[in-house]
Every structure is written in structure tokens, then in C-alpha cells.
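Structural description and commentary
So you can see what is in the structure, the chains are spelled out below.
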Amino acid sequence: MKYAYYPGCSLGTSAEEYDVSTREVLKRLGVELSEIPDWTCCGASAVEPVSRLLTLALPARNLALTERECPGLDMLVPCSACYLNHLRVGRECATDRALPGRINEALGAEGLSYAGKVRVRHLLDVLASDVGPKAVAAQVSHSLEGLSVAPYYGCQALRPFALFDDPEHPRSMEPLISALGATVFGWDMGGRCCGASLMATRRDVALVSVAAILDAAAGADVIVTVCPMCQMNLEAYQSQAHHADTISVLYLPQLLGLAFGLSDEQTLLDKNLAMTDALKGKLRACEAASA
Amino acid sequence: MKKEYGALVVGAGIGGIRSALDLAETGLKVALIDARPSLGGILAQLDHQFPSDHCGMCKMLPLTQRDQSSQYCLRKGLFHKNIDIYLHTELSNLEGDPGKFQATLSRRSTFIDSTRCVSCGLCAEVCPARVPSEFNAGLAQRTAVYLPVPHNIPNHYVVDLDNCQRCWRCYEACPTKAIDFKFEQRKDFHIVVATPDEQLAQDFPLWFKDENFPVHPTSSGEDALKLLAEGLDCGLMLLDLDLPQAEAERTLRRALELRPNLAVVLLAAPGKERDKDGGKDKVAAALLKLGAREVLAKPLRQAQAVPWLDKLFMRLVSDESFSIEVGAVILAAGFECYDPAASPGGCADLLLYGSHPGVLTSLEFERLASPTGPSQGLLTRPGDGKPLRRIAWLQCVGSRDVKKNADLCSSFCCMVSIKQALLAKRRSHDEAETTIFYMDMRTNGRDYQRYRDEAENEAGVRFVPARPHTILPGPDGDILVQYFDYAGELREEVFDALVLAVGARPPKSMERLAQAAGIEVNDSGFCATKYLSPNRTSRLGVFAAGAFGEPTDIRGSLIQAGAAAMGASRMIRVYHGPRDETPEAEPEYTDVSRQVPRVLMALCTSCPTLERNVDSELLHQRMATLPGVVKVVDVQRACTREGWEALRQEAELAAPNRVLIGACLPYVHVPRLRELGEALKLNPALMDVVDIHTASFSGRDTSFGGHAACLASCATGAGACDCGEGARTNEMGSLLAMAAAKLLGADPSTLPQATPVSPQALVVGGGLAGMTAAMGIADQGFKVVLVEEAEHLGGQAMNLRYTLEGDDPVRFMEDLVEQVEKNPNIRVLKDSRVVLSRGKAGRFVTVVATGEGMAHTLHHGATILATGGHEAKVYEYGNRVRKCVLTQLELEQRLAAGSVDASSLSGVAMIQCWRSREESRNYCSRVCCQGALKNILMLKKRNPGLPVYVFYRDIMTTGFAEHYYTEARRSGAIFIRYTPDSRPQVDFKDDKPVITALDPVLGAQIELHPDLLVLSSGVEPGDAAEIADLFGVGLTSDGFFQEAESKWRPVDFLKHGIFACGLALGPATMRDSLLSAKAAAQRVVRILSEKQLSCGNVVAEVRDTLCSRCGRCISVCPYGARALDLDRDKIVVDELLCQGCGSCMAACPNSATVLRGFHDEQVMAVIDAALAVQPSAAARL
Amino acid sequence: MKNMHTPIAFTPAPLVFQDEALAEIQSMVRACMQCGTCTASCPNSFAMDLAPRQMWRMLLFGLKQEVLESRTFWLCSSCYSCTLRCPRGLPLTAAMAALKRLAAAEGDAVNRKKALFYQEFMQNVEQNGRIQEMGFMCHYFLAMHDPLLPLEYGPLGLKLLAKGKLHLGDSTQRGRLGPLFAKVRSMEEAS
């Protein structure tokens, strides 16, 4: 299995641990990544309110690079906002015949052209569908038995295009969590919005969503997520959301890494803002049990 | 020899049954097939039908010549001498041309011989399999051997092989050896395996040792072919795709050359059966195209391969395929209810369907409310049994949803929900609170709005215009429904149950059927038809009936089906030349009225269960002593051909003048009685079949176990249960004695003279409907007189300029007028009116006066009234005074003429339901919404930027018209809902309209200054009072013609021989009028195609001397067969109309009314026979 | 809701040619049948002054200024719940974004300020090729002229800094997107 890898800007800065753990876990699972050379920002969720054409042209640039540099490979994207931006290009081109022409006219500024050949895949999609829980279970050396994990999917990996999971009641993370020996925490907030960039513009509103999600997670040991924006919102604003008990929010590959027995440098747990003592204790207990 | 039929009808739901009956009654042979193992389609599951809230299917049965079909409850079965029914059968291929199609039918075996099955249920009792019951919409379970519809007669069990566990317990349990799993044929079913896989070659013969299949493993295609060439009678070949591709292909080709019927199954390595995109692998796909049957994925495991192959074997040797020749084909395969759980992009999660027991589909609710349903009709919640006291209905689930490829309205769900809400009210003694959430309540039938109003105002059903968005599990297993009301408030309500009003989807087999029949489907997956030729499919000679072409309700289905029958009938006549002029000779019977009664009693002794339970010797002795009985004979298996042959011989020897047969399932024998009657020259009315079989099972518990235990104890003689031999013999003796008494009392005199038929039709009204009907009759070779009041043909449809679908109605009407005027069979009388009409079905005499003062006297066998209607006149708001106020029709005409220039307008406002849907015109006019959409789209086409505002109450775009509603919204027209309590107010300023209204979405007043105000004024019937009076037919309170029964006899009048269609029958679009006209034409052809009309054997008579002319019998007669003849001062009975129901007899205070063939003495004698203590029984006591 | 209970009087004027930017958004929601599913699905609707259903309606009525005065579309967090659930399949999230663009271009000072976040973000992208979170936040705070804002986010910044997450990031792609931005700008101006 080989993919063209688009890490996206966040993974280079504030979500470094997502990037590192993704690369390490995939390596362990025998998945090869070829980082798209010369990739640039896709505009995240800020571009659409600024320019419609740019909304498509920025990701199209990366897609065009992938077509040229990594022919035949699916593009693997860990960040949900980046994933949707790239996915949307092909979807919109399919319904608007004038669009490919306009996009290519813009890309012409760099001598690039986009043919619509790349299939865009979310990291979760690849883990759940291509790799599968069986292969994941085979790598588990430190079972996470006794750990209650709340899967949090966020929005843009699921909506508006329902490709690999139910956009209303997502479940694709559950077999993976079970494969690690951990327990899936039953809740229905997995697809609920965290407020996204409202955290910057209307924090009071975003905090309502964050509080609702955190409240519902009471009883779980850890929340796992597959989006840097969600991770930041859920993790960094716990005190403002008037949430009494803090709860750790890990990236899914970090959790996989723990079960695979990867080193601290490979999971970068110390980069997480809210590593609770409770979670650390649980992890130690897991380790002791599997040792 | 290949069987020949006039028509093939695909689908035996009500649409198919209507079409089949309409054709069969005109003397055409019909093959009626259905993919299900049962008749009746979805109606078999529905007990309550709007508006009577009862079942009324039987009303569609033939009224005249009714003894030709053994007529009773249509939900239990259908019998007609001209209809052959093939169930579990699908159309697999259709070749040839109209008039001479070759139809290939494939019938899936039920593995139960229906001539042996006695429906004892022992097989189901031992079956270990449990799957959701289709009949109960999944609310209950059934076994793998089961009765598809529990109330059918005759009823036979069927084996659902897919869910069979192959335990063979049913086979062992069956007392009549009716179940046939072909055990004996396994040893002769050779299986050749061609595989390079040595392990597989070794395993295979071992696996199938127990099944007795001879298996011949070979390692190459060459070797396998050699076996075939050597003459091995091989039934199945397994071909491994691991063989080189060329070899596999060659082997397949050659094998099929050697054995064209050989089943070849491909074995594919993992991943090879499917390629990357999920489709079939290319090699496998190519071979499947060449004729391989299917692909089986390797590696094979014994536990799966053996049952799979064994079932395949059973299918191969039991299923059959046969061809018939037909003149025309009618497709009436109906629709499928939308399944929120199974459909892709479904909404099961959102609606909690499947995860919450209180969330039901409307079909499941029907079953819940049915006495034959899983809760015996108690409205309780599945799961916890809580009585349902707060029920909500959610409209448009799976309909009107472009995201689910449903840019259509399913047309029936609104009325279904209202009916169900009323049913819930009634069942709970008004305790249930019922709420219907809707977007538009589509009450677009003539009487539907009043039904809704009654539900709302009198029964207290709550209607909430909202689309609940969130359904959550509530406290105590209840359901929490959240919605935004029109005031913009988020509301939350708790219900015990939520019913999803699921819409219509094309039948599951649509793709297959469309391919087999060679027809096109439309974007929504239904059969493609054209707006102005609504029954024609893309293939000539193939017609669409019922809901197959467009979702519709029962009434619509029946009209569609009648129209399709007209199309097929016409096609058959066209290609087969003029009607065969030598009709079947009526059998002549000996007059036995002066003979002493001589009863031959034949007892069927075939049933193994009977033999075990009855002392047949004692029964014989006892029967021989009954008065009039000359002989008692035993017949082996009366239900078989041989049995009847033996019976016929006995009868010829004994020469009786009465025949009584003790057997089972009397209805099944009726056609045979007719044959027997012809052979003996004895009127079948003097024969009877009494059901002694059911008696032998009476009192048994139908639940599992009860009967088996009882049978076992009887058989061993150990038990003393109430089905003991003595009791049984007595019961059977009583039944036979009662039947004998009834036969003795039967009136042997010959039937009254049949009415000869005048082979001509009268059509009153020369508009779209009248002309279409006249053409439909004339094209089938009958003379028609068409009477039109005006000086030109055409009527109301001449005012139309375009249709929503883009047809050209002007040209259509011009063509139609020309065809009518040129048709040699049609005589057009313009400027003429009917002045007098007398007579009855088959023989009317009508006087028509022309404008020049001429009077024509017409003799005709049937009449169609198509007197039409017109746009309702409105005078408010200066319509007709101010140029800026128009009706929709006026706008259409002005747009067409160019006198309204869309590009110069700056705004148009429309008000829908203008003075409609409230007293005194409390009905939906059906044409105004479509008319408005038509004008909106035309305005927007000419001036896309033109603001158009539509004030509406409910937009009534049923069926595919919904698409144009979506289009109109998409084009930018703004739709603003109003209620009768808050209507838009219209003022004028500077001679321009100023409209103020509340926009409920904004919760604010808006003020509009359009330069045109368009009123949807609706339609009114023409003044039909005089015509109704002349022909003795009824009118509704709105002045439309009153049909006999709004659902089941939609174009008939109570008075037989007179039919209605078009706008005079109710508000109608052009398409509606075309359909009702064709359906009415076919009803007329049905009468005209008889030489004479005869009544049934059981008909009411009046003994005038006893009659006090109180008239009670007239009002109770459900068929309108009775009238007071003032001239002769007598109550008269129309014998063709009388169906022998006996209501009049019960109502008559003087016993002046009697039923011929069912009189008092006879009934008393029957009761005496029932009460008589039987000698031997008395002795035993 | 402001002014909504007094009659709004307006004379209909041709909609499509009057205002292209508005017409584009109108065309996105024209097929709306006012079922309210969008409003109900929105996690942020509690904070909105106009319910989305009302806002679409006002757009269709051509009440552009009234819509631009509302804060509703600024509260869209692009969760796509409404887009997913809309039975008419309307691109409602995209319409919200289009309204943000319209407000930035034609709105008042309040609107322009609200648009700043997105514009600053894209400016940073244009300069750096990949977003430099640290630089972007600094610019944003400056641009907002709100002395309290940096304080609100201060504690978080410190935390991120402590975790080594607020570095400037890689600058390999600086200026890489300049030509593409320029081209897109010229194309959008031309159309």
C-alpha cells in the first residue's frame, strides 16, 4: 500500500504529534508514504469566505502536483479540513462543466494542470478500509484493555460527502479501537461540531459546543480524534468551557502507536496539552498488564 | 402446444386484476402472472381503505354473468373462466410484435404440489427456520415453509428455498406427500467438475456422497467435454476459472452446444469473482454473458457448498420456463413501499427506524391495526406492548426528496395517514391523540378535502405543517420529536409511536422486467409513459396499468388499469381483425322442474387426513337414508382430473337431477361444475359442493402444536379430544344433510329470459373525455353515437394552450376532433341534446333532439356521460373589469397569444385555491396548481428575472408533476403559505393590486405591488342535473356525477350500463380525463361484446300481492337494483344489477321480497337438517 | 428580530440582473421549501439572530441589507449538517460562505471586521505558501484593534509556546503561491 501524503500546514506546526505519529504508525502497518513535493496550503476553512475560485484552485494545485509527481497514487490526508478541500475539487468539477477550465486557467500561472485523476482519502478511511482492524490488531503489543476511548470524528471527514462512514452516526473508528484491546465509549457526539474556527471569531458560541462534547465524554478515559482543529478546540479550551475534569484528547494514530509499543519520540505524547494523570495511570496499568 | 391468450397481464395486484377482468369479461383469454406466490399485491395486507375504512375489493368483481366467476371475497382469491393465474412467475422474455407476442414465463417452484396440499399446517409446525414475515411487514416471523397470505382460498403452503435449512422435517411431516424435494432425482443428477485444483477434485465427490449426487471430477476442460460427448446426462458443470482463460471459454461454449440447457457455474479464486471496482471480473463477466449461470467464490467449504449446490439442483429440476402467445401485454407490477432501512442513502438512522420499536412504516401500522396482524388488531407498541395513545405521522418519507431520487409525490400517503389517524381514533375509543406532520396535505381528489376536514374538525386529528428534523428516543420507550413550527419556535413533543408515511418506489424487479419486456423507464425508475398517452409504454402493444407508470392510489390504479385494458383490447382487435362473430354457445340444460328430485351424493375420500378421522361406512349408510338421495358414491381425490372423470361416469350412470359433492374448497370446483353441467345437461345451479374437509379440521388450534397433538391422539385412538372420530362423522353427516336439504329445495325452473344487447353505444358530451371514449369503443368495432350540445366538438380542453409536460394540446385536440369526425363507426350529433332515455343495461332507448328540431331515436346497449365542466367564474377583485386581474386560464391564453408580454412585467402574484377547498366548493380542483406552475415556468422562461409570488394553501402536485413544483421553486418563484384564517388582502392603488399578507416563515407582514394578480379559480361541473335526471343517475353535492363506489367502481354508476368520465366525474387534468374515458370505454365494450346479458341464479323477486310499497328495500339495496315503478305501482328489480345479497329480504317487513334460489322453505329445511339428531349418534349417547 | 413585525413594503424588482452577487446566492437556495431542517440541524443556531430558514427566505425576497445586518452567516462553522440533511440537496454551507464573501465586499464596518480573520489568514497563506500560525495570530490581533483579544488567547499561546508548537514553521514555500493568488485575483476581477 502506497499513498501520496499531504500533511497540511497544521501538521507542520501545532499538530506536529499528529504528523509524526501518523508516519510512524503507517510505517509499522506497512503503508508507504510519499510526501507530495512542493505542496502548499489548501486554504483550510478560511479560504471559502474569501474567494470561491481560490477555494478550488489552492487544493487543485496540490492535486495537480500529485498527478504529476505521484501518478496512480491516492492522496492520503490526515487533516479533515484539508481532506474536504481537496475532495471538493473533484466533486464540484463533476457537476459544473465550466469549472475544470477555470481551475486550469488559474493553475496555468504555475504551468500546472489538473485532470481529476487523484482519489482523495482521509487517514481514517485508509486505516478503517484499506488497512483494516485485522492488520491493526496484528501489530498490537501493548493491549489497551480497560481503556475507555471516546471516538470523535468531527465534521468535515464525514460531511457533506458520505464516503466511508455514516455522516450522522459515524462508527468507522470503533473496530480500530476494539482492535487495540480498548473499549469503545458509547456516545452520540462523535459527529457533533466542535465550533471549528468560531473559536477564533466567536469563542462564546464555540465553547457551548465544546462544553457539550466534553460533558458527554464524562466517563471516558480519553477522546481520540482525526482532525487538528477538533483536537485543539477540545483540548485547549477545557477550562474556558467550564469543564471541571480535564480529559486527554489524542490523535487516533497516537493511540495506535501506544498499543503498538512505539517510543515517546514516535507518539509525541508530551506535545499534547492535556495529558491527564488519570490517563497516564491507565496507560501504565495497561503496560503492566501486557508486560 | 403453446397456449394462446389474448393478453398477458404482469402483476396480480388490484391493477392487474382490474385489467384482467376487464379483458376477460369481453371474452378474451388472459394469463395473469405475479412474481409473488399470492394474489392481490399490497392490498392483501391492507384491511382498511379510505374513505369507507373497510375493504371493498369485491365490488370490482363482474356484476353480470357473475356465475362465470366463482365470485366471493377477492382478497381470498380470483376465479374467472377466462383468466389463468400463474403465481411465483415472472416474464423473462418478450419477442414478436403486437397481436402475436411470444412471452417466455419462468415459474419458480414452491416445492409443494398444490393439488395435494390440504393446508393442514403440519409442515410449518416442524419447520425450524424463522424469518421476518412479508405479510406482516416484518412485525412477525414466519417459517421457511409458510402460507404467503393466511386468508387465501384455496391456500397452499410454499417453500421459501432461500431460507430453507434442509432439515427435511416438513417433508416427513406432510400427511399428503405434497412436498417434493426431488430426493429420487439426485442420483441421476450428474455433476461434472473441471478444475486444476486436485484437493477440490478429491473433496467434491466425498462432500456430496450423502446427497447421492454422482460427481465426476476432471482436471481439464477437455476431459469434462469428453464426458459430455460420451453421453453423460449431466445436469450441472462447475468450471474453475483457474483453468486457462481460453480453455474455460472453449469448454463453456462447447458444453452449451452439447447440452443447451446445461447449468454451468464458474468457480473463481478469491478476488477474481470481482474486479477492483466491485463489478464482476472481466473473465467471469465474459463467461456469464456467454451463458454461465453464476459465479461461486473459492475456496469452497463443505458447509456452504453442499446446501448451495443442493438448492441449485432443486431449482434446476423444479423451476420451469414456458412460452405463451399473446396479443398484447399489460404491465401492472405495481410499486414497492420505500424502505427507510434498505434504501441507499436511506434515513433509518435519522428517523430511528429499525432501532426504535415505536417507529413504524405506514405498512407496518396497517398490519398492526389488522385483526390478522401480529397484535390481532390491538394498537400496541411492538416490543413493550404499550397501548398507543399518542401517535404521530410523518409525511413524505422517501417521497418529494430529490436526494433520494424521488422528485415525485407518491400520491397516496396523505390520505393513508388521515385514514390511519381516524382508525387509531376509532380503535382507541377516541382516546388516541393523533398528529400528522406534513409539508403539503394532498387532498386532491374530489371528496378528499371533506374527508380531511372531517378528520380535523370532527374527529380531532391534529395537522401540523412542519417537517420534524430530529427524532430521539424519549423517556419510557417513547419517542421525542423535534420540529420548527411556522412561528419559528423549536418544539418538542413526545409520542408513543411514530408512523413513517413511506412512499412508492418502482418494483424491485423493475430493471429485469423492463429488460424482459423491452420497455424504457423514466428518471424515477417507473415505466416511462407520455403525458397524453398515459398507458402506452415505449413498446407498441405493451401497456402500463395501475401504479406501475406513476404512483397513484387505489382509485387511480383502477382507472389506469381499465384504460390499459382498453388499449390492449383495442390492440388485439386491430391485429386480429373483427371480433369472432360466433360466440361460445350457451349450454342448454334439461328442464327438470317436473321431475322428482334425484340426488347423487359423491364423497371425496382422497384426503389421508379424512380417512383417519371418519367412519366412512357409517357416513355412507346415513347419507343413503336422506330424502331424495338415490346414490352415495366414493370418489378418489375429487380435486384431480381422474377423480372428476370417475365422478362424471357415476353421474352419467345414475342420471340424477341434483348432484351433491362432499369435498373441500367449494370455490375451486365451480368451473368443474359448469363442465359437469354441460356433460349432464344439468344446470350447475342444481349442483353443490359442500366443504367436509374444513369440518374435519374445525375447532383445531391453528397455533403450532395444537393440531399435531390432536391428530396423533386420534390416530392412535388414545385420546378423547373433540376431533374424535364419532364427532367428526356426525359433523360431516350434518353438513351433507344440510346441503342435501338445500339442493332439494333449489328451484329447478329455468332462468328468466336474458336481455339481448343492442350493439351500439351512446356517448353524451363531445369534449376530450367523450371523444376519447367514443374512439375507444369505435376502434373495437362497435357503433357509437356522440351527442354534443355545442356546435363544435372539443369542449373545455380546447381552451388549453400548453401542458406542464410540454405537449401541444391544441394540436392534440384538433387531431382528435378530426379522427372522431372521420371514424366510420362514430355518428356525431352536434347542437343536440338528450330529451328522453329509458331502459337498462344492454337495451336503452334514448331520444335525441337536434338544433334543427329533428328527433333521433337511438337503441343502445350502454351509455357514457361525459358532460364536462368549466373554469369556475370569479368576480372578486375586479376580475373581468380590471385588466390586471386574470384567472390562470386567461393568463395561459394571453401568454400564448402574446397579449401578455412577460418581459414588460415587473411582478406577478398568484392566489391559489381561490374559493376552492372551502364551502361551497369544498374540493381541490386538481388543475390549478399545475396550471399555476405551467404559467410560472412560462413566465420565467420568457423573463427569468420576473418576481413571481404564489400564495397557496397546499401545493397539490401529485405523481411526477411534483418535478415541476421543484422546477418552479428553482426558477425563483416564491411560494407563501396562507390559511383560510389569514388570507392575503388585496387592495388597488392607481388601478394596480396591492397585496398584504403574512409570510409565516418570516413571521412578518409583507406588502407586494405586482402588476398582475392571477387567481386560481378552479373548475366546476357543467349543469348535469337534467342529464342525471334523464338517465336516473346521481350527483354529488357539488354537482359532479356520483359514481357507484369511489374506489372500486370509479367510472360506473350504480345504474348498470351507464358510465361517467372526464370533468363531469370530478376535477381532472387532461391526463385524468383521458384515463377515465378509456376506462369507461372498456366498461362499455364489456357490455356490447355480449349478445345478451343474463342474471345470476340467486336474484331477488318481489311478490307484489304481499308488497306494501314501503320502499325500505330500495334504500337498503347496495347495488341500486330496485326501484318503484309508478306506472305499474310495483317494486321492480333490475335482475342484472341484483347481486343476490339479501339485504332487501332482511329489510322487507312483509316477506314480500324473496331470493330466487334461496327461499325461506329451503333455509328452514337446511336448519332442520342441521338440528336433526342423527340415529347412530343418539344410540351412542 | 428587528423590524419584522411591521409590514415590509417592497415593490418587486427584477431579481437576477439587479445584483449578480446576490443572485448567485439566491440561485443556491431557490429550491428551498422552507422545511426548517437547516435551522434545526445547525449546532450554532441558538446564537443566531435570524434562523437560517428565515435568512434564506429574506434572501429570496431580495432583502439583502437586512440579511447583511444579521450575524447568522458569520456563525456558520462549516459543519455541513444542514447541507447533508437538506431534502432539496441545496448547498447551504457554501451559501453561508458566499454570504461571508458578500458581506466582506459590500458590508459595513462591522462586517468587514468580521471578515478580517479569514482575510488575514489568506494573506498569510499568500505570503508563506503554508500558513504560519504564529505570524497569522499576531497579525490578526493587530488588525482587530481589540486590546483585550490577545489577552483572551494569551494563556493558550503560552501553553503552545511551552510545548514548542508556536515556532514560525517551515518557510520553504514562502512566496510559492504568489503567482496563483495573482492569477485568481485577475480572473475574479475580470468576471
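**What to know about helix H12 (residues 510-517) of chain B**
Residue and element names in this part refer to chain B. Along H12, the residues that are buried comprise Met-510, Leu-513, Ala-514, Ala-516 and Ala-517. Looking straight down H12, one finds that the buried residues subtend no more than 165° of arc, so they occupy a single side. Opposite its buried face, H12 presents the exposed residues Glu-511, Arg-512 and Gln-515, each directed more than 90 degrees away. Packed against the buried residues of H12 are strand S1 (3-10), strand S4 (89-97) and strand S15 (320-331). With its phi angle positive at about 70°, Gly-518 sits one or two positions after the end of H12.

**Some remarks on the pattern of salt bridges**
The full count for this structure, using the stated rule, is 96 salt bridges over all chains. In this structure, B:Glu325 engages B:Lys100 in a salt bridge whose closest nitrogen and oxygen atoms are separated by 3.4 Å. Pair noted here: B:Glu325 is in strand S15 and B:Lys100 is in strand S5 (residues 100-107), with a separation of 225 residues, a long-range link. Under the relative-accessibility criterion, B:Glu325 is labelled buried at 17%. Close ionic contact of C:Lys64 with C:Glu106 constitutes a salt bridge, the shortest N to O distance being 2.6 Å. Taken together, the residues span a long stretch of sequence, with C:Lys64 in helix H4 (residues 64-68) and C:Glu106 in helix H6 (residues 92-106) at a distance of 42 residues. For C:Lys64, a relative accessible area of 11% gives the class buried. Overall, C:Glu106 belongs to the partly exposed group, its relative accessible area being 39%. What you see here is one network of salt bridges that share partners, running through B:Arg18, B:Asp22, B:Glu25, B:Arg1049, B:Asp1052, B:Arg1083, B:Arg1086 and B:Glu1090.

**Some words on the interface of chain C and chain A**
Taken together, the contact pairs 53 residues of chain C with 62 residues of chain A. Here chain C meets chain A over a buried area of about 5200 Å², counting both sides, of which 62% is carbon and sulfur. Remark: the boundary between chain C and chain A carries four salt bridges. When the shortest N-O distance is used, the salt bridge between C:Arg176 and A:Glu110 registers 3.3 Å. The interface formed by chain C and chain A holds 13 residue pairs in polar contact (both at pLDDT 80 or more) in total.

**A closer look at the packing of helix H3 (residues 52-69) of chain A against helix H4 (residues 80-95) of chain A**
Residue and element names in this part refer to chain A. It is the contact of H3 with H4, at a shortest axis distance of 8 Å, that shows an interaxial angle of 105°. Here H3 lies roughly perpendicular to H4, going by the angle between them. Where H3 abuts H4, its residues Arg-52, Thr-55, Leu-56, Pro-59, Ala-60, Asn-62 and Leu-63 lie against Asn-85, His-86, Arg-88, Val-89 and Glu-92. Tallied by class, residues from the contact of H3 with H4 come to five nonpolar, four polar and three charged.

**Side note on helix H25 (residues 962-970) of chain B**
All names here are of chain B. Buried residues of H25: Glu-962, Tyr-964, Tyr-965, Thr-966, Ala-968 and Arg-969, and no others. Structurally, H25 contributes buried residues whose contacts are with helix H24 (928-942), strand S42 (948-952) and strand S43 (974-977). One or two steps after H25, the chain reaches Gly-972, where phi turns positive at roughly 110°.

**Quick word on unusual backbone geometry**
With omega at -5°, the peptide bond leading from B:Phe50 into B:Pro51 counts as cis. Looking at where B:Pro51 falls in the secondary structure, it is placed in the loop between strand S2 (30-34) and strand S3 (83-87). Along the chain, B:Glu919 connects to B:Ser920 via a cis peptide bond; the corresponding omega equals 10°. Examined against the element boundaries, B:Ser920 turns out to sit in the loop between strand S41 (908-911) and H24. In this model, B:Phe111 sits at a positive phi of 65°, which is unusual for a non-glycine residue. Residue classification places B:Phe111 among the buried residues on the basis of a relative accessible area of 4%. Its identity as a non-glycine residue notwithstanding, C:Gln34 has a phi of 60°, on the positive side. Residue position: C:Gln34 is located in the loop between helix H1 (20-29) and helix H2 (37-41).

**Describing the sheet that holds strand S36 (residues 843-850) of chain B**
Residue and element names in this part refer to chain B. Spatially, three strands are ordered S35-S36-S37 in an open sheet, and the strand pairing comes out antiparallel. Edge positions in the open sheet fall to strand S35 (832-840) and strand S37 (855-860), since each of these has one partner strand only. Taken pair by pair, the neighbouring strands of this sheet meet at an average axis angle of 20°, ignoring direction.

**Comments concerning the domain arrangement of chain A**
Residue and element names in this part refer to chain A. Assigned domains of chain A: these are domain 1 (2-122) and domain 2 (133-290). Here the C-alpha centroids of domain 1 and domain 2 sit 25 Å apart. Of the roughly 2400 Å² buried at the junction of domain 1 and domain 2 (both faces included), carbon and sulfur atoms supply 69%. When the buried surface of domain 1 facing domain 2 is broken down by residue, Glu-17, Tyr-18 and Arg-28 rank first, second and third, together holding 27% of it. The interface formed by domain 1 and domain 2 includes one salt bridge. Here domain 1 and domain 2 share five residue pairs in polar contact (both at pLDDT 80 or more) between them. Breaking the side of domain 1 that touches domain 2 down by element, the ones donating at least two residues are helix H1 (9-12), helix H2 (16-28) and H4.

**A short note on the domain arrangement of chain C**
All names here are of chain C. The domain boundaries assigned to chain C delineate domain 1 (20-107) and domain 2 (111-190). One C-alpha centre belongs to domain 1, the other to domain 2, and the line joining them spans 26 Å. Contacts between domain 1 and domain 2 engage eight residues on the former and six residues on the latter. Both faces considered, domain 1 and domain 2 share a buried interface measuring about 610 Å² in area, 53% of it formed by carbon and sulfur atoms. Where domain 1 meets domain 2, there are zero salt bridges. In this structure, the connection of domain 1 to domain 2 is made through three residue pairs in polar contact (both at pLDDT 80 or more). In terms of residue class, the side of domain 1 that touches domain 2 is built from five nonpolar, one polar and two charged.

**A closer look at the packing of aromatic side chains**
Here the structure, examined in full by the defined rule, presents 36 aromatic pairs over all chains. Aromatic pair B:Tyr438 and B:Phe463: ring centres 6.3 Å apart, planes at 75°, arrangement edge-to-face. On the criterion of sequence distance, the pair formed by B:Tyr438 in strand S19 (residues 433-438) and B:Phe463 in strand S20 (residues 462-465) is long-range, its members being 25 residues apart. For the pair formed by B:Tyr438 and B:Phe463, the shared burial category is buried. Consider the rings of B:Tyr965 and B:Phe975, whose centres lie 5.1 Å apart with planes at 75°: the pair is edge-to-face. Of this pair, B:Tyr965 sits in helix H25 while B:Phe975 sits in strand S43, placing them 10 residues apart in sequence. We note that B:Tyr965, like B:Phe975, is buried. Among the aromatic residues, those joined into a cluster by ring pairs are C:Phe73, C:Trp74, C:Phe117, C:Tyr118, C:Phe121, C:Phe136 and C:Tyr140. The ring of B:Tyr965 carries C:Arg88 above its face, with NZ or CZ at 6.0 Å from the centroid. Sitting over the ring of A:Trp39, C:Arg130 keeps its end group 3.4 Å from the ring centre.

**Some points on the side chain of B:His860**
All names here are of chain B. Note on placement: His-860 falls in strand S37. In this structure the side chain of His-860 is engaged in a polar contact, spanning 3.3 Å, whose partner is the side chain of Thr-863. Ignoring any residue separated from it by four or fewer positions in sequence, one finds His-860 in contact with Ser-758, Gln-760, Ala-761, Leu-762, Gly-842, Arg-843, Phe-844 and Thr-846.

So, how was this worked out
Residues numbered from 1 in each chain as written. Chains lettered and ligands numbered in written order. Predicted model: local features only at pLDDT ≥ 70, side-chain atom pairs only at ≥ 80, totals over all residues. Heavy atoms only, no water. Buried < 20%, exposed > 50% of the residue type's maximum accessible area, 1.4 Å probe, protein only. Helix = DSSP H or I, 4+ residues; strand = E, 2+ residues; numbered from the N terminus. Arc of directions from axis to C-beta. Contact = heavy atoms within 4.5 Å. Salt bridge = Lys/Arg side-chain N within 4 Å of Asp/Glu carboxyl O. Buried area = accessible area lost by both parts, 1.4 Å probe. Polar contact = N/O pair within 3.5 Å; in protein donor to acceptor, adjacent residues only side chain to side chain. Axes fitted to C-alpha atoms, helices over the stretch in contact; angles between N-to-C directions. Parallel < 35°, antiparallel > 145°, perpendicular 65-115°, else oblique. Nonpolar A, V, L, I, M, F, W, Y, C, P; charged D, E, K, R; others polar. Pairing = 2+ DSSP bridges. Domains from an automatic or database assignment. Phe/Tyr/Trp six-rings, centres within 6.5 Å; stacked < 30°, edge-to-face > 60°. Lys NZ or Arg CZ within 6 Å of the ring centre and 35° of its normal.

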